[in-house]
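# Structural overview for review
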Amino acid sequence: MARGVEALDLPVWSRASGPSRGPQCRSAMAHLDSEVKEECLREDLKFYFMNPCEKFRARQQIPWKMGLQILKIVMVTTQLVRFGLSNQLVVAFKEENTVAFKHLFLKGYSGVDEDEYSCSVYTQEDTYESIYFAISQFHRLRNLSLGTLGYGENEDNRIGLKVCKQHYKKGTMFPSNETLNIDSDIEIDCIHLDLQTLSKDPQDWKNSSFFRLEFYRLLQVEISFHLKGIDLQTIHSRELPDCYIFQNTIIFDNKAHSGKIKIYFDSDANIEECKDLNISGSIQKNTQYVLVFDAFVIVICLASLILCTRSIVLGLRLRKRFLDFFLEKYKRCVCNADQWEFINRWYILVIISDLMTIIGSILKMEIKAKNLTNYDLCSILLGTSTLFVWVGVIRYLGYFQAYNVLILTMQASLPKVLRFCACAGMIYLGYTFCGWIVLGPYHDKFENLNTVAECLFSLVNGDDMYATFAHIQQKSLLVWLFSRLYLYSFISLFIYMILSLFIAIITDSYDTIKKYQQNGFPATDLQEFLKECGSKEKCQKESSSFLSCICCLRRNGSDDHLTLIN
């Protein structure tokens, strides 16, 4: 190669004469140009796949993205913790008010829900007393409640109670004669009791025909009312208080007609902007500091988003250069695995995390300013983005061989694990449907499909096994025997066979990765191309300096857009 370069020295070309020397010179120049492009591409590829520390040692390039990601981890985590502490106050206020409402409006409430319902009654007298008790407590609320509560307007913009009852249209029933004549059409009757009506003699509205219930036709009685409240505990955290509207509903459910009326209490709390807040102190100043901090988080994430997007775009450009070169020189396409190497999946994860953090931070700022009240959506965005941020830390641990084993094992085993889970999932769904239809009437944990799936997943993990066996009702000997066969076969199949195979798949991938680390990984087309320089007698040092010089000169020209800095 060195001799070829000497033969193509410019003075030699100037002494050449005759038509026979022209094509040879042009061919040599074309060959030299191809060598230069190949060497430039190889150098760009090597630099692209370097980690930040290697890039710093190679070209003294400061790892801005890595520093920005470390700063973002600190900022996003701090933001999440502050929002979580604030959200805890909101959740606690809602839950404590719900408990207080149950004690205020449900007669005989013990403090613990009986099941999915709060309490129950078994006689007509107890039903009437429970209905009248809830109405009377609503009228006396201001003298009873310990909280900051007031009356709110319902859907009809009226203050008071709305009582509705559902019943079959008409019918007669004589159980002793086994006679039933009923119209299955459902009628709904409602009455509104405002504060003025409740202030009168209670016997006036109690003796109304509306409250004469025919229990054999009655399906349910629903009492609904709205209350307003102000959460003052946020002041201790130097935050502006929230104003709430509680949409409360008490349902007396008699649809089963089993002699037991279940009483449900539901309270839906909505946060609204307070109309007039006049609070002195340092709360407003603290709110401004928090808003500035959130804005700074948005700027950090926006910078991270731009840098990672830029790196992905540059990687795609480099991939196109490599694909074109490989097709031109070797007359074949690059495998898909090598093509995916140019797309950094960590950067995609960071971009998704940054977008979620930016949107979540904007929502948090609006919530802080009391312009929005959607805590749930903001929590999902900030929580998921923080999860992705901390998962991204694994990328930097992967620079060390001891930690890189985890990442490589996960990458190698993931396709096999997904295929295995798809097969095992079919068996799992079969057991789920079977348990629901057979054991549902005899076991609380098999009443619906969702509960069955959760129960079986707990059994796979070895949780609550004895209770699942013991709680089956022994009313039917056939079902009891089937439940034993069902549970023993499921536990044996999934714990001793499927779970063991699942672990074996991951263990096999781990052993393969350890073997590759000791003996070397299989070389791909991309890796072979990067190693070619070392196999050509160190690229013949005499010409490499000349090629590098020409390469640098060409980069200063029209090919600047091809130079990649990752």
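Procedures and definitions
- Residues numbered from 1 in each chain as written.
- Predicted model: local features only at pLDDT ≥ 70, side-chain atom pairs only at ≥ 80, totals over all residues.
- Heavy atoms only, no water.
- Helix = DSSP H or I, 4+ residues; strand = E, 2+ residues; numbered from the N terminus.
- Buried < 20%, exposed > 50% of the residue type's maximum accessible area, 1.4 Å probe, protein only.
- Contact = heavy atoms within 4.5 Å.
- Areas by Shrake-Rupley, 256 points an atom, 1.4 Å probe, with all protein chains shown as cover.
- Axes fitted to C-alpha atoms, helices over the stretch in contact; angles between N-to-C directions.
- Parallel < 35°, antiparallel > 145°, perpendicular 65-115°, else oblique.
- Left-handed = near helix turned anticlockwise from the far one by under 90°.
- Nonpolar A, V, L, I, M, F, W, Y, C, P; charged D, E, K, R; others polar.
- Pairing = 2+ DSSP bridges.
- Expected span 1.5 Å × (residues − 1).
- Bend = angle between axes of the 7 residues up to and from the residue.
- Disulfide = S-S within 2.5 Å.
- UniProt positions renumbered as here; feature names shortened; annotations may be inferred.
- Salt bridge = Lys/Arg side-chain N within 4 Å of Asp/Glu carboxyl O.
- Phe/Tyr/Trp six-rings, centres within 6.5 Å; stacked < 30°, edge-to-face > 60°.
- Lys NZ or Arg CZ within 6 Å of the ring centre and 35° of its normal.
- Core = buried A, V, L, I, M, F, W, Y, C linked by side-chain atoms within 4.5 Å.
- Polar contact = N/O pair within 3.5 Å; in protein donor to acceptor, adjacent residues only side chain to side chain.

This brings us to the overall build of the protein. Summing up its helical and strand segments, the protein has 20 helices and nine strands in all. Looking at the protein as a whole, 37% of its 566 residues qualify as buried. Contacts spanning at least 24 positions in sequence make up 72% of the contacts within the protein whose residues lie at least 6 apart. Of the roughly 33,200 Å² that the protein leaves accessible, carbon and sulfur atoms contribute 59%.

Looking now at the packing of helix α16 (residues 449–460) against helix α18 (residues 477–519). Running from amino to carboxyl end, α16 crosses α18 at an angle of 55°, the nearest separation of the two axes being 9 Å. With respect to their mutual orientation, α16 and α18 come out oblique. Crossing handedness for the pair α16 and α18: right-handed. Where α16 approaches α18, its residues Leu 456, Leu 459 and Val 460 are matched on the opposing element by Tyr 486, Leu 487, Phe 490, Phe 494, Ile 495 and Leu 499. Here the contact of α16 with α18 is built from residues that sort into nine nonpolar, no polar and no charged.

Here Ser 118 is to be found in the loop between α5 (64–105) and β1 (119–121). Ser 118 sits in the buried class, given a relative accessible area of 3%. Those residues in contact with Ser 118 that lie beyond four places of it in its chain are Lys 102, Leu 106, Tyr 109, Val 112, Asp 113, Ile 263 and Phe 265.

A word on the pairing of strand β3 (residues 160–168). Looking at chain direction, β3 and strand β6 (residues 186–194) are connected through nine bridges and run antiparallel. The partner of Gly 160 across the bridge, within β6, is Asp 194. Sheet analysis places β3 next to strand β7 (residues 218–231), joined by six bridges and oriented antiparallel. Looking at the pairing, Lys 162 lines up with Ser 224 of β7.

The subject of this paragraph is α18. A rise of 1.5 Å per residue sets the reference length of α18, with its 43 residues, at 63 Å; its end C-alpha atoms lie 62 Å apart and thus fit the reference within 8%. Of all the bends in α18, the greatest, near 35°, is centred on Phe 494. Looking only at α18, the buried set comprises Val 479, Ser 483, Arg 484, Tyr 486, Leu 487, Phe 490, Ile 491, Phe 494, Ile 498, Ile 505, Ser 509 and Ile 513.

So, on to the state of the cysteines. Under the definition given, this model contains one disulfide. Between the sulfur atoms of Cys 164 and its disulfide partner Cys 190 the distance amounts to 2.0 Å. Between Cys 164 and Cys 190, the disulfide has an S-S torsion of 110° and is therefore right-handed. With Cys 164 in strand β3 and Cys 190 in strand β6, this pair connects stretches of sequence that are 26 residues apart. Under the relative-accessibility criterion, Cys 190 is labelled partly exposed at 43%.

Our focus in this paragraph is the UniProt feature "transmembrane region" (unreviewed entry) in the protein. The UniProt record annotates "transmembrane region" (unreviewed entry) at residues 289–313, 346–365, 377–397, 417–439 and 485–506. The span residues 289–313 shows a helical share of 100% and a strand share of 0%, and its end C-alpha atoms are spaced 36 Å apart. Helix makes up 100% of residues 346–365 and strand makes up 0%, while its end C-alpha atoms are separated by 28 Å.

Below, the discussion takes up the pattern of salt bridges. Under the defined criterion, the tally for this structure stands at eight salt bridges. Linking Lys 72 and Asp 354 is a salt bridge whose minimum nitrogen-to-oxygen distance equals 2.6 Å. Here the residue Lys 72 occupies a position in helix α5, and Asp 354 occupies one in helix α12 (residues 345–368), the gap between them amounting to 282 residues. On the basis of relative accessible area, Asp 354 is assigned to the buried category, the value being 0%. When the shortest N-O distance is used, the salt bridge between Asp 113 and Lys 102 registers 3.0 Å. Note that Asp 113 is positioned in the loop between α5 and β1 and Lys 102 in helix α5, a separation of 11 residues in sequence. Taking relative accessible area as the criterion, Asp 113 reaches 30% and is therefore assigned partly exposed.

Overall, the coordinates contain 28 aromatic pairs when judged by the stated rule. Their ring planes at 75° and their centres at 6.0 Å tell us that Tyr 117 and Tyr 264 sit as a pair that is edge-to-face. Within this pair, whereas Tyr 117 is found in the loop between α5 and β1, its partner Tyr 264 is found in strand β9 (residues 261–272), the two being separated by 147 residues in sequence. By the ring-pair criterion, three or more aromatic residues cluster together here, those being Phe 93, Phe 101, Phe 105, Phe 138, Tyr 151, Phe 225, Tyr 244, Phe 246 and Phe 265. Over the face of the ring belonging to Phe 210 we find Lys 165, whose NZ or CZ atom lies 4.8 Å from the ring centre.

Before going further, it helps to spend a moment on the nonpolar core. In terms of nonpolar packing, the biggest core is built from 48 residues, with Phe 105, Ile 131, Ile 135, Phe 211, Ile 223, Leu 227 and Ile 250 touching the most fellow members. Among the elements that line this core, the one with the most residues is α5, at six residues. Apart from the residues within four sequence positions on either side, Ile 250 is in contact with Phe 105, Leu 106, Ala 134, Val 221, Glu 222, Ile 223, Phe 225, Ile 263, Tyr 264 and Phe 265.

Let us now look at the side chain of His 443. Positionally, His 443 belongs in the loop between α15 (401–439) and α16. At 3.1 Å, the side chain of His 443 and the backbone nitrogen of Lys 445 are in polar contact. Setting aside residues no more than four positions away along its own chain, His 443 makes contact with Ala 467, Thr 468, His 471 and Ile 472.

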